[in-house]
Amino acid sequence: MNELIFFVNKGLVGGLVIGSIYALGAVGVTLIFGILRFAHFAHGDVMTAGAFFAYALAALLTAFGFSAPLPLAILLLPVVMAATAVFAIGIDRVFYEPLRARGARPVVLVMASIGVTLMLQGLIRLIGGTGARDMYLNAPKAIYRIPTGFRDIVITQPQVILIALTIASVVALHLFLTRSRLGKAMRAVSDNPDLARVTGISLKTVTKATWIIGGSLAALAGTMLAMDVTLKPDLAYNILLPIFAATILGGIGQPYGAVAGGYLVGLSETLAVFNFSVLLRPLQPILPASWEIPANLSFVPTEYRLVVPFFILVVVLIYRPTGIFKGRVF
Amino acid sequence: MSLISLSQVEAGYGGASILNGVDLELNAGEIGVIVGPNGAGKSTMLKAMFGLVKISQGTVIFDGEDITNLAPENLSRRGIAFVPQENNVFRTLTVHENLEMGAYVRRDDYSALLDRVYDIFPPLKAKRNQPAGELSGGQRQMVAVGRALMIEPRLILLDEPTAGLSPLFMSEIFDRILAINATGVTVAMVEQNARQALAIAHKGFVLAQGRNRFTDSGSALLADPEVAKSFLGG
């Protein structure tokens, strides 16, 4: 039983946490792909930028003597999400919109977004330095221990908040896309841009809504990721590959697919590096003496964790390029 | 006074000229049918009316105003609706959502209009919550025309509304077009099935190589032996 709870703590909670981050990132990537038709490689850095906004605002308020029972970065989330949404719209205005206006092909926008990535990384290091920072300025990271009679289930406050906010965001996004006029218009543009145009749907409004959703969800993911680990300049750039794997696994242009893909990639990553010998060890007494359970029984060594999403990406692209939810194929 | 008139319109894609000075004139409440061989510029003529092709020469007048080269969203607001030939529904949206998107530019309550569209196309009512991509070709065409009706257009432009449909569905669509026209909507359509289309047309326009070859009432064109020989397959 203790071993099972160890599995829950290490495998399941870890998978759900990183899966939520991937899901939030992949929803933005998939919406941008569906509506603006290009892979936004700078999305990871929009996440990092969001986390830095959260840090900077929290530091500013702490310097002015504000304090609260919760970490300020969490309380400031609505402001940070709004700021990052504006930031994302700004990036679009300055870099992508002029290209679209000149009829640039999607691959040109992809290249531009790689340029934006490099630039943002440089800017973040220039302003914030290269070191790692602690997001807990006013309150420590709270750790909850849920007693089970055996070993405790351990989960931290940012992990609980992250999972709860991810679920809330997905529900809100679902309601927005299926109930509101603008949400339906976003689906219409993603489905058939030419028909959307002759129907009189404003591409400007839809584009703006896309960046608002993508930017704010990226800020949520980035801030919570930084609170789960630490704030580093390459915080989210490193998880760009799993986010794209989640997007493609879910089906490009499919927001629900992106959520499913995020959790699938997150869980498979965590389970692939989980040491299953821990679960098998209790069986040792009933096994013949010659069957020694090895000390390490994980599918992939921890340091090669990144091959898991890469492997998923390759397999999906070969055998089911439309992904789970029948997305687009380019 | 005419509702829409094109005079000496020249247009094309990227320098290649497809329309070489065409004329068209329709009065309010009329059905105008554009026929002609492949490549005559029929579809281009509709697209030019809806601002989807750049007009290099000539003018388009709608209800007394010059609308030459205005953007489509501008034209929807003036009461012109366009139904493309292909990919004319949002496949992943439900039938109902497709109709709602047709009313995207409206800010008023259009529920009575939705009911009217369902009355014109009864099969759609039963399938209102089904994705439009799952419907049969004929029903998809109904969704496409229904979507266009949601702006309560004064002029509806139909690009081959019966393309790819079985003869049964074809007559059904022509019946619906007559019903829509009976409510006062002016119709301009391009058709491959020239005989059937001219039979319901007040005016027919026979195009060839981007120019008007014959223009007359639908019945007169059908009766004209020369038109019949060259354009209606004998």
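Residues numbered from 1 in each chain as written. Chains lettered and ligands numbered in written order. Predicted model: local features only at pLDDT ≥ 70, side-chain atom pairs only at ≥ 80, totals over all residues.

1. A word on the overall build of chain B
Check the secondary structure of chain B and you find 10 helices and 10 strands. The C-alpha radius of gyration of chain B comes to 17 Å, within 12% of the 17 Å expected for a compact globule of 234 residues. With respect to the principal axes defined by its C-alpha atoms, chain B has extents near 45 × 35 × 35 Å. Out of the 234 residues in chain B, the part that is buried amounts to 45%. (Helix = DSSP H or I, 4+ residues; strand = E, 2+ residues; numbered from the N terminus. Rg over C-alpha atoms; globule rule 2.2 N^0.38 Å. Buried ≥ 20, exposed ≤ 12 C-beta atoms within 10 Å, placed from the backbone.)

2. Quick look at the overall build of chain A
Counting its regular elements, chain A contains 13 helices and 2 strands. Against the 2.2 N^0.38 benchmark of 20 Å for 330 residues, chain A shows a C-alpha radius of gyration of 21 Å, consistent with a compact globule. Considered along the principal axes of its C-alpha atoms, chain A spans approximately 75 × 55 × 40 Å. Counting all 330 residues of chain A, 45% fall into the buried class. If you take every contact in chain A between residues at least 6 apart in sequence, the share linking residues at least 24 apart comes to 77%. (Contact = placed C-beta atoms within 7 Å.)

3. A word on the sheet that holds strand β2 (residues 16–27) of chain B
Residue and element names in this part refer to chain B. Ordered in space as β2-β1-β4-β5, the 4 strands form an open sheet in which the pairing is antiparallel. Edge strands, defined here as strands with exactly one partner in the open sheet, are β2 and β5 (65–66). Where strand β4 (residues 55–62) and β5 come together, 2 bridges link them in antiparallel fashion. Paired with F62 across the bridge in β5 is E65. (Pairing = 2+ DSSP bridges.)

4. Details of the pairing of strand β9 (residues 203–208) of chain B
Residue and element names in this part refer to chain B. Here β9 lies mainly inside the structure; 5 of its 6 residues are buried. Looking at chain direction, strand β3 (residues 31–35) and β9 are connected through 4 bridges and run parallel. Note that in β9 the partner of G32 across the bridge is K203. Relative to strand β10 (residues 211–217), β9 runs antiparallel, the two sharing 6 bridges. When the sheet's bridge partners are listed, A208 is paired in β10 with R211.

5. Quick look at the confidence of the model for chain A
Per-residue confidence for chain A averages 90 on the pLDDT scale, and 99% of its residues sit at or above 70. Summarising per-element confidence for chain A, the mean pLDDT is lowest in helix α12 (residues 277–280) of chain A (78) and highest in helix α4 (residues 77–101) of chain A (96). (pLDDT = per-residue confidence, 0-100.)

6. Details of the packing of helix α2 (residues 43–63) of chain A against helix α9 (residues 203–228) of chain A
To describe two helices that pack against each other, one gives the angle between their axes and the distance between the axes. All names here are of chain A. For the pair α2 and α9, the least separation of the axes is 7 Å and the interaxial angle reads 65°. As for the relative orientation of α2 and α9, their crossing is right-handed in sense. Where α2 approaches α9, its residues H43, V46, M47, T48, G50, A51, F53 and A54 are matched on the opposing element by G215, A218, A219, A221, G222, T223, L225 and A226. Of the residues assigned to the contact of α2 with α9, the class counts are 10 nonpolar, 6 polar and no charged. (Axes fitted to C-alpha atoms, helices over the stretch in contact; angles between N-to-C directions. Left-handed = near helix turned anticlockwise from the far one by under 90°. Nonpolar A, V, L, I, M, F, W, Y, C, P; charged D, E, K, R; others polar.)

7. Comments concerning the environment of B:I80
All names here are of chain B. In this fold, I80 is placed in strand β6 (residues 80–83). The exposure class of I80 is buried, given the 27 C-beta atoms found within 10 Å. Linking I80 and V187, residues 107 residues apart in sequence, is a C-alpha distance of 10 Å.

8. Describing the interface of chain A and chain B
Taken together, the contact pairs 13 residues of chain A with 19 residues of chain B. Put simply, the parts of the chain that give the side of chain A that touches chain B at least two residues each are α7 (181–191) and α8 (193–199) of chain A.

9. Considerations on the sheet that holds β9(B)
All names here are of chain B. The strand order β6-β7-β8-β3-β9-β10 describes an open sheet built from 6 strands, whose pairing is mixed. Two strands bound the open sheet, and with one partner strand each, they are β6 and β10. Neighbour to neighbour, the strand axes of the sheet diverge by 15° on average, direction disregarded. Contacts from helix α6 (residues 137–149) reach β6 and β7 (155–159), with the element oriented near 165° to β6.

10. Some words on unusual backbone geometry
With the exception of glycine, most residues fall at negative phi, and the peptide bonds are largely trans. Within the chain, A:R37 stands out as a residue other than glycine whose phi angle is a positive 60°. Mapped onto the elements, A:R37 comes out in the loop between α1 (2–36) and α2. Despite not being glycine, B:D63 has its phi angle at roughly 50°, a positive value. Tracing the chain through its elements places B:D63 in the loop between β4 and β5. Since 15 C-beta atoms lie within 10 Å of it, B:D63 is described here as partly exposed.

11. A closer look at the pairing of β6(B)
Residue and element names in this part refer to chain B. The side-chain alternation of β6 yields two buried faces, one formed by I80 and F82 and the other by A81 and V83. Strand direction decides the pairing type here: β6 and β7, joined by 4 bridges, are parallel. Paired with F82 across the two strands is L157, which belongs to β7.

12. What about the packing of helix α6 (residues 157–179) of chain A against α7(A)?
All names here are of chain A. For the pair α6 and α7, the least separation of the axes is 5 Å and the interaxial angle reads 80°. On the basis of their axis angle, the class for α6 and α7 is roughly perpendicular. Across from F176, L177, T178 and R179 in α6, the residues of α7 making contact are G183, M186 and R187. Looking at side-chain class alone, the contact of α6 with α7 contains 3 nonpolar, 2 polar and 2 charged residues. (Parallel < 35°, antiparallel > 145°, perpendicular 65-115°, else oblique.)

13. Observations concerning the confidence of the model for chain B
Here chain B averages 91 in pLDDT, and 99% of its residues register 70 or above. Scored as a complex, the prediction yields pTM 0.89 and ipTM 0.88.

14. Concerning the environment of A:I21
All names here are of chain A. Checked against the element boundaries, I21 lands in helix α1. On the neighbour-count criterion, I21 (26 C-beta atoms within 10 Å) is buried. Along the sequence, I21 and A63 sit 42 residues apart, while their C-alpha atoms lie 29 Å from each other. Not counting residues within four places of it along the chain, the set of residues in contact with I21 comprises A221, M224, L225 and I239.

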